[in-house]
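# Fold and geometry: a report
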Amino acid sequence: MSPEGKNLLNIVILGFGFMFMFTAFQTCGNIEQTVLKSFNSTEFHGSGYTSMAIIYGVFSASNMIAPSVVTVIGPQLSMFFSGLLYSGYIAMFIYPYTWSFYTASVLVGIGAAVLWTAQGNVLTINSTDNTIGRNSGIFWALLQFSLFFGNLYIYCAWHGHVHITDKDRQTVFISLTVISLVGCFLFFLIRKPDPEPAPSGTAESPPHAESTESCSAASSARPGLWSQALDAFVRACKMFATKEMLLLSVSIGYTGLELTFYSGVYGTCIGAMTRFGQDAKSLIGISGICIGIGEILGGSVFGMLNKCSRFGRNPVVLLGLITHYVAFFLIFLNIASDAPIAPEEGTDLQAYITPSVGVAMFSSFLLGLGDSCFNTQLLSIIGFMFRDNSAPAFAVFKFIQSIMAALAFFYSNFLLLHWQLLILVLTGFMGSVTFFMAEWTAESSRRESDYDSI
């Protein structure tokens, strides 16, 4: 197999591994607040929102050490062991206890930082400047199939259920745990990419080959390993203060806020809308499917097909912002303001219009489409601008995103829906403006370096 074919196969395997893992984890995050409200135990006092806030808070803090871990054990083992922590968190819901619930939240936060840093590194070392956009789209589309399959299962399992019984919960989470473990073992199929050939007439190794070597599992045998780990940590701290990363930080932060909204808050809102009828709980699964369709469509069009490459990334981000604004307006009209914090029985408050399941599902689709616009372009621009330091760059990316997601899960415990939407509207606008500035910087750098368009 040619080196390019091997790299593409690695990206596809990476995407499938994450698809299986996040079929389990994203489905878990989408339903856990609803499940915990239905849990019959006087000894359990956990909150799904609080758990996710802990996960993303620890995730954020752990991102500064994640590059060192990836340097020490390599990206493959990093993703495998992190995946086991994800599986343990999901398995905890089979017989949940308050102490195990929050302990698992801390552990999966640590694992998430290592997992996503390793993912960014594998994506970068298996891509060139010409293929980073395509590969980002392939990975993103495969990852978001997780929303489709997991939530389809939830819809079929819970259709017609007004209350989630212990048996319903245990059946679902046993299945999700097995699915997550399958994804963990798929990472062992990823092969080390071939180094790029050195330019003729020079003895210097290309930066890409150096990056590949430093992040392979075999790196543990090289001398000075811990100094390399320390160097990765220092580079991550320095990278955080660069002009390019500071510009991108606002748009990255926005993706963290809207990640919380579409992956946890909005599903809870739909499940709480008694005016949707007795199938409101199963509609959480349909909503997740619609989000997944939007994510897959966006990842395919703007990544795999790479239709907008000649115009740069800014039009795609602008489309994402407009799409989200339409979704936020429809949700504001269609969902009762107290839906995010309603009790297990739901809310009887009237929204601004007669609640419509069709409008709710269309809003879910728009949330997914807009999210894919932002994330595919962020993956692409970070992979291009920080190509020679991909692990620290993606660690900083996830640090910013996760700390904002933790903040959003925290305020979701008490803020009414319209205030949460207002926060998203304001940060989305600021994030888009700063992304445009960062893209203009990247375009200038590309022209000066005579790079081809991504």
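Residues numbered from 1 in each chain as written. Predicted model: local features only at pLDDT ≥ 70, side-chain atom pairs only at ≥ 80, totals over all residues. Heavy atoms only, no water.

### Regarding the packing of helix α1 (residues 3-38) against helix α4 (residues 98-125)
- For the pair α1 and α4, interaxial distance at closest approach is 13 Å and the crossing angle is 155°. Taken together, the axis directions place α1 and α4 in an arrangement best described as roughly antiparallel. Crossing hand, α1 versus α4: left-handed. Between α1, through I11, L14, F18, M21, F22, F25, E32 and L36, and α4, the contact on the second element is made entirely by F101, V108, L115, W116, Q119, V122 and L123.
- Its residues placed into classes, the contact of α1 with α4 shows 13 nonpolar, one polar and one charged. (Axes fitted to C-alpha atoms, helices over the stretch in contact; angles between N-to-C directions. Helix = DSSP H or I, 4+ residues; strand = E, 2+ residues; numbered from the N terminus. Parallel < 35°, antiparallel > 145°, perpendicular 65-115°, else oblique. Left-handed = near helix turned anticlockwise from the far one by under 90°. Contact = heavy atoms within 4.5 Å. Nonpolar A, V, L, I, M, F, W, Y, C, P; charged D, E, K, R; others polar.)

### Notes on the confidence of the model for the protein
- Looking at the protein as a whole, the pLDDT averages 80, with 82% of positions reaching at least 70.
- At the low end of the mean pLDDT range in the protein sits helix α7 (residues 207-214), at 41; at the high end sits helix α11 (residues 314-334), at 93.
- Predicted confidence is poor over residues 450-454, with pLDDT under 50, and the contacts of this stretch with residues over four places away or in other chains come to 18 contacts. (pLDDT = per-residue confidence, 0-100.)

### Examining empty space enclosed by the protein
- Tallied over the entire structure, the rule returns six cavities of 30 Å³ or more.
- In this model, the largest cavity occupies a volume close to 360 Å³.
- If you trace the largest cavity, you find 27 residues lining it, with F22, Q26, Y56, L259 and Y262 closest to the centre.
- Listed by contribution, the elements that provide at least two residues to the lining of the largest cavity are α1, α2 (48-62), α4, α5 (132-158), α9 (243-272), α10 (280-304), α12 (357-385) and α13 (390-411).
- Looking at side-chain class alone, the lining of the largest cavity contains 15 nonpolar, 10 polar and two charged residues. (1 Å grid on protein atoms, 1.4 Å probe; cavity = no way out; pocket = protein on both sides within 12 Å on 5 of 7 lines; lining within 4 Å. Points joined across faces, edges and corners; volume = space filled by probe spheres on them.)

### Observations concerning the packing of aromatic side chains
- Scanning the entire structure with this criterion turns up 27 aromatic pairs.
- With a centroid separation of 5.2 Å and 75° between ring planes, the pair formed by F18 and F139 is classed as edge-to-face. Within this pair, whereas F18 is found in helix α1, its partner F139 is found in helix α5, the two being separated by 121 residues in sequence.
- With relative accessibility at 0%, the residue F18 sits in the buried group.
- For the pair F80 and F185, a centre-to-centre distance of 5.2 Å together with 65° between the ring planes defines the contact as edge-to-face. (Phe/Tyr/Trp six-rings, centres within 6.5 Å; stacked < 30°, edge-to-face > 60°. Buried < 20%, exposed > 50% of the residue type's maximum accessible area, 1.4 Å probe, protein only.)

### Details of α4
- Here α4 spans 41 Å end to end across 28 residues, near enough to the 40 Å set by a 1.5 Å rise per residue.
- Within α4, 21 of the 28 residues are buried, leaving the element largely enclosed by the surrounding structure. (Expected span 1.5 Å × (residues − 1).)

### Brief notes about the environment of I400
- Residue position: I400 is located in helix α13.
- When the C-alpha positions of I400 and T255 are compared, they lie 9.4 Å apart, and in sequence the two are 145 residues distant.
- Each residue touching I400, except ones within four places of it in the same chain, is listed here: F240, S249, I252 and G253.

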